[in-house]
Amino acid sequence: QVQLVESGGGLVQAGGSLRLSCAASGRSLTWHDMGWFRQAPGQEREFIAAISWSISRTYVADSVKGRFTISRDRANNTIYLQMNSLKLEDTAVYYCAADRTPQRLTPTAKQSDYAYWGQGTQVTVSS
């Protein structure tokens, strides 16, 4: 089985920073791209960032580009989302996910390409 567990969410003031972690266990995901998504109350889930299995390629959504950075520790089966300059509109539940297909040419932003999902971690940004 594959299990993804997010952590690091919480309450933070606007302009502050948080680092989210997602630890993977079970079947190895070494050769799978992984990504972060978020969903605000009453909103559709949106793509945030993805990183390739080789950690040589990343893709970051325009809405957070320049503020958020995705990284990966393959040895520890963990991905991270460093969030800086947080804004009120960043408030959401953040989910990590793993691509169903190993060794894609480039990271994917399509939700349907991700087969494994964590339970989510809440990020709340206050003014």
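Not measured: the values here are computed from a predicted model.

Draft legend 1. Main features of the state of the cysteines. Evaluation of the coordinates by the stated rule reveals one disulfide. At a sulfur-sulfur separation of 1.9 Å, the disulfide partner of Cys22 is Cys96. As the torsion about the S-S bond is roughly 45°, the Cys22-Cys96 disulfide counts as right-handed. Linking Cys22 in strand β3 (residues 18-26) with Cys96 in strand β9 (residues 92-102), this pair joins segments that are 74 residues apart in sequence.

Draft legend 2. Inspection of the pairing of β3 at higher detail. Direction of pairing for strand β1 (residues 2-7) relative to β3: antiparallel, over a ladder of six bridges. Bridge pairing in β3 places Leu4 opposite Ala24. In the sheet, β3 pairs with strand β8 (residues 78-83) via six bridges, with the strands oriented antiparallel. Paired with Ser21 across the strands is Tyr80, a residue of β8.

Draft legend 3. Representation of the environment of Gln82. Within the secondary structure, Gln82 is located in strand β8. C-alpha separation for the pair Gln82 and Ser17, spaced 65 residues apart in sequence, amounts to 7.5 Å. Residues in contact with Gln82, not counting those within four places in the same chain, are Ser17, Leu18, Arg19, Arg67, Phe68 and Thr69.

Draft legend 4. Representation of the side chain of Thr108 in the model. Residue placement: Thr108 occurs in the loop between β9 and β10 (114-117). Within the local environment of Thr108, its side chain forms a polar contact with the backbone nitrogen of Lys110, the two atoms lying 3.2 Å apart. Dropping the residues within four chain positions of it, Thr108 is found in contact with Asp33, Phe47, Ala50, Asp99, Asp113 and Tyr114.

Draft legend 5. Quick look at the nonpolar core. Ranked by size, the top nonpolar core spans 32 residues in total, and within it Leu4, Trp36, Phe68, Leu81, Met83 and Tyr94 carry the most contacts. Ignoring any residue separated from it by four or fewer positions in sequence, one finds Tyr94 in contact with Glu6, Leu20, Trp36, Phe37, Arg38, Phe68, Leu81, Met83, Gly120, Thr121 and Val123.

Draft legend 6. Local environment of the side chain of Arg72. Here Arg72 is to be found in strand β7 (residues 68-73). Asp33 provides the closest opposite charge to the buried, salt-bridge-free Arg72, at an N-O distance of 5.2 Å. Among the polar contacts made by the side chain of Arg72, one reaches the main-chain carbonyl oxygen of Leu29 at a distance of 2.8 Å. Engagement of the side chain of Arg72 in a polar contact is seen with the backbone oxygen of His32, the distance being 2.7 Å.

Rules and cut-offs
- Residues numbered from 1 in each chain as written.
- Predicted model: local features only at pLDDT ≥ 70, side-chain atom pairs only at ≥ 80, totals over all residues.
- Heavy atoms only, no water.
- Disulfide = S-S within 2.5 Å.
- Helix = DSSP H or I, 4+ residues; strand = E, 2+ residues; numbered from the N terminus.
- Pairing = 2+ DSSP bridges.
- Contact = heavy atoms within 4.5 Å.
- Polar contact = N/O pair within 3.5 Å; in protein donor to acceptor, adjacent residues only side chain to side chain.
- Core = buried A, V, L, I, M, F, W, Y, C linked by side-chain atoms within 4.5 Å.
- Buried < 20%, exposed > 50% of the residue type's maximum accessible area, 1.4 Å probe, protein only.
- Lys, Arg positive; Asp, Glu negative; His and termini not counted.
- Salt bridge = Lys/Arg side-chain N within 4 Å of Asp/Glu carboxyl O.

Purely geometric stuff here, so don't read any function into it on its own.
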